[in-house]
Amino acid sequence: IGSLQYFVAYATLKPPGSRTASAIVGVPFFQSAASIEEMRVSVFTNIINLFALIFIALLGLSYLVSRWLTFPLRFITQKLRKTSLDDINQPLVWRTDDEIGLMVKAYNSMLYTLGESKAALVQTQRERAWRDIAQQVAHEIKNPLTPMKLTLQQLERNIQQGSTTPDKVQHAVSTLLTQVDTLSDIASSFSSFAKMPEP
C-alpha cells in the first residue's frame, strides 16, 4: 500500500467431508524491524549456544579418547620409571599383539637382559672384592716374611762364621716369634672376615 509493505498469511477453508475449498482467508500483518532484529539476535544466540555446547561435548569426548589412547603409553612409562638395578622388576602383561604389545615384548626382553647383566655385575664385583682382599692379605703376609727371612739368613751366616752367641740367637728367636704372631693375627682377621654375615 504505497510505500508500506506488509505480509499476508493465507489459509483455505473446507467444509467437512468436501474436497473443494469454500473460502480462502487472508490475514494481513506487519512485522517491525525491531522484532526482526530481536528474532535475528535470538537465532544467532541459539546458534552460538548450540556450537558452544557441541564444542564442550567434543572437548570432553576428545579428552576421554586421548586418555584411552595414551593409557598404554602411560602404563609403560610408569613401569619404566620403577625399573631399577636394586629391586626385582616384574615383566609387563599385554594381551594383544599390536604396537604396544611389541613394546611390552621389547621391555620384557630388556628386563631379562638386565637381570642377566645384574647377575654378571654382582659376580664381577664379588670376584673383584675377593681379588682385592687376596692382594691385601698377600701384601700383609709379605711384610712379616721379609724380616723373618733376613733374621734367618743372618743367623745362618753367624752359625757358618762361628760367631753365634746366646744373645744373637735369643734376638733372632724373639724377632721370629714376633713375626709369627703378626702372621697369626693376619690369619685370624682373614678368618673372621670370611665368617661375616651376608650384607
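What comes next is a walk through the structure.

Cut-offs and rules
- Residues numbered from 1 in each chain as written.
- Predicted model: local features only at pLDDT ≥ 70, side-chain atom pairs only at ≥ 80, totals over all residues.
- Heavy atoms only, no water.
- Salt bridge = Lys/Arg side-chain N within 4 Å of Asp/Glu carboxyl O.
- Helix = DSSP H or I, 4+ residues; strand = E, 2+ residues; numbered from the N terminus.
- Buried < 20%, exposed > 50% of the residue type's maximum accessible area, 1.4 Å probe, protein only.
- Expected span 1.5 Å × (residues − 1).

Considering the pattern of salt bridges
Part 1 of the reasoning: Taken as a whole and assessed by the stated rule, the structure comprises one salt bridge.
Part 2 of the reasoning: Its salt-bridge partner being Arg 40, residue Glu 37 comes within 3.9 Å of it at the nearest N-O pair. With Glu 37 and Arg 40 both in helix H1 (residues 33-82) and three residues apart, the pair spans about one turn of that helix.
Part 3 of the reasoning: According to the relative accessible area criterion, Glu 37 is partly exposed, its value standing at 43%.
Part 4 of the reasoning: A residue is classified by how much of its surface remains accessible, and Arg 40, at 55% relative accessible area, is exposed.

A look at helix H2 (residues 99-161)
Part 1 of the reasoning: For H2, which comprises 63 residues, the first-to-last C-alpha distance of 91 Å matches the rise-based estimate of 93 Å (1.5 Å per residue) to within 8%.
Part 2 of the reasoning: All of the buried residues along H2 are Ile 100, Gly 101, Val 104, Tyr 107, Leu 111, Ile 133, Val 137, Pro 144, Met 148, Thr 151, Leu 155 and Asn 158.
Part 3 of the reasoning: Just beyond H2, the residue with positive phi is Gly 162, at close to 80°.

Topic: the environment of Asn 143
Part 1 of the reasoning: Structurally, the position occupied by Asn 143 is in helix H2.
Part 2 of the reasoning: Since its relative accessible area comes to 40%, Asn 143 is described here as partly exposed.

Some details on the environment of Ala 9
Part 1 of the reasoning: Of note, Ala 9 is situated in strand E1 (residues 7-13).
Part 2 of the reasoning: Counting along the chain gives 102 residues from Ala 9 to Leu 111, while the straight-line C-alpha distance between them is 82 Å.

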